[in-house]
Amino acid sequence: MNKLFCKRIYETSAETDGFRILVDRLWTRGIKKEKAEVDLWAKEIAPSNELRKWFSHDPEKYDEFKELYIKELKSNPKSQKFKDLCTQKLQDLNVTLLYAAKNEKFNHAVVLKEWLDE
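All figures in this text were calculated on a predicted structure; none of them were measured in a lab. (Residues numbered from 1 in each chain as written. Predicted model: local features only at pLDDT ≥ 70, side-chain atom pairs only at ≥ 80, totals over all residues. Heavy atoms only, no water.)

Draft legend 1. Geometry of the packing of helix α3 (residues 79-90) against helix α4 (residues 108-117). It is the contact of α3 with α4, at a shortest axis distance of 11 Å, that shows an interaxial angle of 75 degrees. Taken together, the axes of α3 and α4 are roughly perpendicular relative to one another. Each of S79, F82, K83 and C86 in α3 lies in contact with α4, whose residues at this interface are L112, W115 and L116. Broken down by class, the residue content of the contact of α3 with α4 amounts to five nonpolar, one polar and one charged. (Axes fitted to C-alpha atoms, helices over the stretch in contact; angles between N-to-C directions. Helix = DSSP H or I, 4+ residues; strand = E, 2+ residues; numbered from the N terminus. Parallel < 35°, antiparallel > 145°, perpendicular 65-115°, else oblique. Contact = heavy atoms within 4.5 Å. Nonpolar A, V, L, I, M, F, W, Y, C, P; charged D, E, K, R; others polar.)

Right, here's the structure in full:
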């Protein structure tokens, strides 16, 4: 089986990225859609606007954010379809979850990757 990665969308794409999925609810500033090399924009899998704004990438809120976001994922009817798609894609190539957050350790894509890895 191939690997699941997280990567900032601002980083240069690589062949090893495989299937590239933008997992932000909003399109990334400064990145043109035609140059982003995104295979799928899964905005419906991102945290709700309320949760995203509350978290505001504050590392002190990360543990609570993680818990709340996983609750959202579990209650999101599109989550299982997304999980199935990632599992299917991973049979043939790597999958890279793209995000715009500056903090590479405390962001929703990291939580999403952990949830998918379970």
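Draft legend 2. Region of interest: the sheet that holds strand β2 (residues 19-22). Strand order in the open sheet formed by four strands is β1-β4-β2-β3, with parallel pairing between adjacent strands. Both outer strands of the open sheet, β1 (4-8) and β3 (40-41), are each paired with one neighbouring strand and no more. Most of the contacts of α4 go to β1, to which it runs at about 175 degrees, and overall it touches β1 and β4 (95-99). (Pairing = 2+ DSSP bridges.)

Draft legend 3. Spotlight on the pattern of salt bridges. Using the criterion set out here, one finds four salt bridges in the structure. Of the charged contacts in the structure, one is a salt bridge between K7 and D17, with a shortest N-O distance of 3.0 Å. Linking K7 in strand β1 with D17 in the loop between β1 and β2, this pair joins segments that are 10 residues apart in sequence. A salt bridge links K113 to D117; the shortest N-O distance between them is 2.8 Å. (Salt bridge = Lys/Arg side-chain N within 4 Å of Asp/Glu carboxyl O.)

Draft legend 4. Structural view of the nonpolar core. If you look at the biggest cluster of nonpolar residues, it comprises 26 residues, and the most contacted ones within it are I21, V23, F82, L97, L112 and L116. Elements supplying a minimum of two residues to this core: β2, α1 (49-55), α2 (62-75), α3, β4 and α4. Here this core gets six residues from one element, more than from any other, and that element is α4. Ignoring any residue separated from it by four or fewer positions in sequence, one finds L116 in contact with L4, F82, K83, C86 and L97. (Core = buried A, V, L, I, M, F, W, Y, C linked by side-chain atoms within 4.5 Å. Buried < 20%, exposed > 50% of the residue type's maximum accessible area, 1.4 Å probe, protein only.)

Draft legend 5. The arrangement of unusual backbone geometry in detail. Phi at S56 takes a positive value of approximately 50 degrees, unusual for a residue other than glycine. Along the chain, S56 turns up in the loop between α1 and α2.

Draft legend 6. Inspection of the packing of aromatic side chains at higher detail. A complete count under the given rule lists six aromatic pairs for this structure. With centroids separated by 5.1 Å and ring planes inclined at 75 degrees, the aromatic side chains of W27 and W41 adopt a geometry described as edge-to-face. Placement of W27 in the loop between β2 and β3 and of W41 in strand β3 is noted, with a sequence separation of 14 residues between them. On the basis of relative accessible area, W41 is assigned to the partly exposed category, the value being 24%. Judged by centre distance (6.5 Å) and plane angle (40 degrees), the rings of Y62 and F65 are tilted. Of the two residues, Y62 and F65 both sit in helix α2, three residues apart, roughly one turn of that helix. Per residue, the accessibility class of Y62 equals that of F65, and both read buried. Among the aromatic residues, ring-to-ring pairing joins F55, Y62, F65, Y69 and F106 into one connected group. Sitting over the ring of W27, K33 keeps its end group 5.3 Å from the ring centre. It is K43 that lies over the ring of W41; its NZ or CZ is 4.2 Å from the centre. (Phe/Tyr/Trp six-rings, centres within 6.5 Å; stacked < 30°, edge-to-face > 60°. Lys NZ or Arg CZ within 6 Å of the ring centre and 35° of its normal.)

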